[in-house]
Amino acid sequence: SNFFRFLSILLGNYYGSKSQEVLNRLLDEYRLGATRDGAVIFWQIDKNGKVRTGKVMQYNPEDGHRIKEQGVAINWIHNILKKQNVLPEEWLLSQCLFGEHLLSLYPDKVVVLVESEKSAIIGSAIFPNYVWLATGGKSQMSMDKLSVLVGRTVLLFPDVDGYQEWTERAKAMTFCKTKVSDLIETEATPQQRKDKIDIADLLIYQINRDSLARTDTHMA
């Protein structure tokens, strides 16, 4: 996929010859897919290993930004299957966290919760000692989705416009130990706030400027 092409360049610059090993791990763990036209498929796989759906998104292979031009929208595998009559029209989607299947693989690791699938992938590439999961959006923090985090330690990295909302939502997550990072709140420049950056944007910015130590201090 074009997303993976961007990721290959980013990690090649950061890890050098070790980047292929990291890329292989990301492909294997997150089961990243691709369409014929280069879109990435972010599969939603639950804790029982069942595929709920897949989010299909197109990215610019040069800068890693999602293409939002007219006609290039987010698509879903279950919708494609409905159009192909593989799934019945009345089939209802029940989403889970992106990366949820990794919880059983790493029962002792601290969980990092972010909004976008892209952020989870890039975060896992740079800080592999954590289980990086994505909600799929700022407003996608339903208690039904989050119930799989019972008993875990969870570090939350909201996007630049989601700090207050996620701080409030974290208070309701009494079934696990939570900490909401204020990294973007303290690090984002006025322009970055205007651009509505997320943790992936900040990591890319820091990788290109060799300043990841600033994020490393928040990984606790």
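Everything that follows concerns the structure shown earlier in this document.
Our subject in this report is the structure included herewith. (Residues numbered from 1 in each chain as written. Predicted model: local features only at pLDDT ≥ 70, side-chain atom pairs only at ≥ 80, totals over all residues. Heavy atoms only, no water.)

1. Here's the deal with the overall build of the protein
To keep things clear, this is the line we draw: Numbering goes from the N terminus for both helices and strands, where a helix is a DSSP run of H or I of at least four residues and a strand is a run of E of at least two. For a compact globule the rule gives 2.2 Å times the number of residues to the power 0.38, and the radius of gyration it is set against comes from C-alpha atoms. Each residue is placed in one exposure class: buried if its accessible area under a 1.4 Å probe, protein chains only, is under 20% of its type's maximum, exposed if it is over 50%, and partly exposed if it falls in between. The contact definition used throughout considers only heavy atoms, calling two residues in contact when any of these lie within 4.5 Å.
If you tally the helices and strands in the protein, you get 11 helices and 8 strands. Whereas a compact globule of 220 residues would reach a radius of gyration of roughly 17 Å, the protein reaches 17 Å, a difference of no more than 12%. Taken along the three principal axes of its C-alpha coordinates, the protein extends 50 × 40 × 35 Å. Counting all 220 residues of the protein, 49% fall into the buried class. Intrachain contacts of the protein at a sequence separation of at least 6 include 58% that bridge at least 24 residues.

2. Looking at empty space enclosed by the protein
Applicable threshold: The distinction between a cavity and a pocket rests on a 1 Å grid over the protein atoms alone: a 1.4 Å probe fits inside a cavity but cannot get out, while a pocket stays open yet meets protein on both sides within 12 Å along at least five of seven lines, and a residue with an atom within 4 Å of a point counts as lining. Grid points are joined across faces, edges and corners, and a volume is the space filled by probe spheres set on the points. In the scheme used here, Gly and all other residues not listed as nonpolar or charged are polar, with Ala, Val, Leu, Ile, Met, Phe, Trp, Tyr, Cys and Pro taken as nonpolar and Asp, Glu, Lys and Arg as charged.
Under the counting rule described, the total for this entry stands at 1 cavity of 30 Å³ or more. Roughly 40 Å³ of internal volume is contained in the largest cavity. Here the lining of the largest cavity gets 3 residues from one element, more than from any other, and that element is helix H8 (residues 183–187). Here the residues of the lining of the largest cavity sort into 6 nonpolar, 1 polar and 2 charged.

3. Regarding the pattern of salt bridges
Short version of the rule: Salt bridges are identified by distance alone: a Lys or Arg side-chain nitrogen within 4 Å of an Asp or Glu carboxyl oxygen.
Using the criterion set out here, one finds 8 salt bridges in the structure. The shortest N-O distance in the salt bridge between Arg 25 and Glu 29 comes to 3.2 Å. With Arg 25 and Glu 29 both in helix H2 (residues 19–30) and 4 residues apart, this pair spans about one turn of that helix. Assessed through its relative accessible area of 8%, Glu 29 is described here as buried.

4. As for the packing of aromatic side chains
To keep it simple, the criterion reads: Aromatic contacts are taken between Phe, Tyr and Trp rings whose centres are within 6.5 Å, Trp giving its six-membered ring; a plane angle under 30 degrees counts as stacked, one over 60 as edge-to-face, and the others as tilted.
Counted under the stated rule, the structure contains 7 aromatic pairs. Geometrically, the ring pair formed by Phe 3 and Phe 42 is edge-to-face, given 5.6 Å between the ring centres and 75 degrees between the ring planes. Here Phe 3 is found in helix H1 (residues 2–15), whereas its partner Phe 42 is found in strand S2 (residues 40–45), with 39 residues between them in sequence. Between Tyr 30 and Phe 98 the ring centres are 5.3 Å apart and the planes differ by 20 degrees, which places this aromatic pair in the stacked class. With Tyr 30 in helix H2 and Phe 98 in the loop between helix H3 (77–83) and helix H4 (102–105), this pair connects stretches of sequence that are 68 residues apart. An aromatic cluster is defined as three or more aromatic residues linked by ring pairs; in this entry it consists of Phe 3, Tyr 30, Phe 42, Tyr 59 and Phe 98.

5. A word on H1
What counts here: Take the number of residues in a helix, subtract one, and multiply by 1.5 Å to get its expected span.
With 14 residues, H1 extends 20 Å from end C-alpha to end C-alpha; this agrees with the ideal 20 Å at 1.5 Å per step. Residues of H1 that are buried: Asn 2, Phe 3, Phe 4, Phe 6, Leu 7, Leu 10 and Leu 11.

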